[in-house]
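Take a look at the letters that make up each chain.
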Amino acid sequence: MYPKVITHNAISLDGSISGFAIDLEKYYAVAGSLNPDAMLVGSSTAKSGIEMYSDGIPDESPSDFVKPKVASEDKRPFWVIPDSHGLLQGRLHVFRRFEYCKDVIILLSEKSPESYVKYLMERNYDVIIAGHEDVDLKRSLELLASKYDCKVVMTDSGGNLNKALLEKGLVDEISLIINPILVDQKNLKLFRNLDLSSFPVQLELITSEFSDGQLWVHYRVSK
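Summary of the structure given here. (Residues numbered from 1 in each chain as written. Predicted model: local features only at pLDDT ≥ 70, side-chain atom pairs only at ≥ 80, totals over all residues. Heavy atoms only, no water.)

1. Some points on empty space enclosed by the protein
- Here the structure, examined in full by the defined rule, presents one cavity of 30 Å³ or more.
- In this structure, the largest cavity encloses a volume near 30 Å³.
- Lining the largest cavity, in full, are Ala10, Ile22, Asp23, Lys26, Tyr27, Ile177, Asn179 and Gln214.
- Counting only elements with at least two residues in the lining of the largest cavity, the list comes to helix 1 (24–33) and strand 7 (173–179).
- Of the residues belonging to the lining of the largest cavity, the class tally is four nonpolar, two polar and two charged. (1 Å grid on protein atoms, 1.4 Å probe; cavity = no way out; pocket = protein on both sides within 12 Å on 5 of 7 lines; lining within 4 Å. Points joined across faces, edges and corners; volume = space filled by probe spheres on them. Helix = DSSP H or I, 4+ residues; strand = E, 2+ residues; numbered from the N terminus. Nonpolar A, V, L, I, M, F, W, Y, C, P; charged D, E, K, R; others polar.)

2. Some points on the pairing of strand 4 (residues 104–108)
- Among the five residues of strand 4, five are classified as buried, and the element is accordingly described as predominantly covered.
- The side-chain alternation of strand 4 yields two buried faces, one formed by Val104, Ile106 and Leu108 and the other by Ile105 and Leu107.
- Note that strand 3 (residues 78–82) and strand 4 share four bridges and pair parallel. Along strand 4, the bridge assignment pairs Trp79 with Val104.
- Direction of pairing for strand 4 relative to strand 5 (residues 126–129): parallel, over a ladder of four bridges. Note on strand 5: the bridge partner recorded for Ile105 is Asp126.
- For the handedness criterion, the β-α-β arrangement of strand 4, helix 4 (residues 114–122) and strand 5 is classed as right-handed. (Buried < 20%, exposed > 50% of the residue type's maximum accessible area, 1.4 Å probe, protein only. Pairing = 2+ DSSP bridges. Right-handed = clockwise from strand over helix to strand, strands pointing away.)

Okay, here's the thing in structure tokens:
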């Protein structure tokens, strides 16, 4: 059994994911309306988010070593981060404190650094090990469904994770908030370097909404 996978991004009119200010309130309001049980966040995106939206990494406190108590009525999603190389070591407490996050689950591979595994265990983070060198996304999704009852997984990613999921045929829906702005060509595009030559992704519109100059489009991936 696999959860439904929705990619969710805010982009400029020319398809860029950087170079403009994202309306975070609207972004997470739309995300919340799709009722995700987990947010799948790329480790590079998570690291860049800390650098962009915070004033540095705060010191850890004793509470950062304690697994949060989660009430049964808590509807916030887990944040699930594939991080087989330990890019976020020393930074994860920032996300555990995030108001939109129930708690953090880390996806590792069998080759993940022992020092990172120790760091995670000492702080009582949940860990899923799937894959030898890199994280096996398909197996990870299966385990999220079976172990955590995740029925809807939504990505919050800068593009590489979306690319991997799309190329593996694991995406069920695509949600985009299109902002009325054009940015310089140096900024990263969302759908870059996709290898879909053998199976182009056909989309079916579920809904669209226009407000405050922003267009939200929500598509179903035809399979």
